[in-house]
Amino acid sequence: MSYDLFDVRQYPGESLRDYLNRFGAQMVHSPAKNEEMLVYAFKKGVLPGPFYEALIRGHPATFAEVRRLVVVHIADESEVAEKRGSVAPARPRA
C-alpha cells in the first residue's frame, strides 16, 4: 500500500502541532525518505499564514529543520496567546 505525503493537508482550525503529528505518522508509512521531497510535501500541506511565511523565509533543507521551525512557532504562538490572556485591565477613569 502506498501512502502519499502530498495528500496530507492541514485542516482549517487544526493546530500546527496536530498537523505535524499527522504528517509524521504518514511519513512512517511512506517508502520515500528524500529530505527535499519531505520538506516540499510538508510545505504544500500547511495552511497559509504566519508559519507558512516563516517556513518560506527559513528555507529548511531537511525535515529536522522543519520540525525545529514548528517547535519555535508553537512556542511563539503560546507566548502570544498567554500575553493576550493577561492583558492589563483598562486604567480606571479619575
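For the structure itself, look to the data block above.
Residues numbered from 1 in each chain as written. Predicted model: local features only at pLDDT ≥ 70, side-chain atom pairs only at ≥ 80, totals over all residues. Heavy atoms only, no water.

> Just checking my understanding: could you explain the overall build of the protein chain for this structure?
Tallying secondary structure elements over the protein chain gives four helices and zero strands in all. Listing every helix and strand of the protein chain by position from the N terminus yields α-α-α-α. In the protein chain, the share of contacts with a sequence separation of at least 24, taken over all contacts with a separation of at least 6, comes to 47%. (Helix = DSSP H or I, 4+ residues; strand = E, 2+ residues; numbered from the N terminus. Contact = heavy atoms within 4.5 Å.)

> Quick question: what am I supposed to make of the environment of F51 here?
Within the fold, F51 resides in helix α3 (residues 50-58). A relative accessible area of 6% means that F51 is categorised as buried. Beyond its immediate sequence surroundings of up to four residues, F51 is in contact with L16, F42, V46, L69, V70 and H73. (Buried < 20%, exposed > 50% of the residue type's maximum accessible area, 1.4 Å probe, protein only.)

> What should I look at first to understand the packing of aromatic side chains in this one?
How two aromatic rings sit relative to each other is given by the distance of their centres and the angle of their planes. If you walk through the whole model with that rule in mind, you get seven aromatic pairs. Both rings, one in F6 and one in Y40, keep their centres 5.8 Å apart while their planes meet at 55°; by these two values the pair is tilted. Of this pair, F6 sits in the segment before α1 (16-29) while Y40 sits in helix α2 (residues 35-45), and the two are 34 residues apart along the sequence. Classification of F6 by relative accessible area gives partly exposed; the value is 23%. (Phe/Tyr/Trp six-rings, centres within 6.5 Å; stacked < 30°, edge-to-face > 60°.)

> Please clarify how the nonpolar core should be interpreted in this entry.
One finds Y19, F23, F42, F51, F63, V66 and V70 to be the most contacted residues of the largest nonpolar core, which totals 18 residues. Elements represented by at least two residues in this core include exactly α1, α2, α3 and α4 (63-85). In terms of residue count, α1 provides more of this core than any other element does, five residues in total. If sequence neighbours within four positions are ignored, F63 has contacts with L20, F23, M27, E35, L38, V39 and F42. (Core = buried A, V, L, I, M, F, W, Y, C linked by side-chain atoms within 4.5 Å.)

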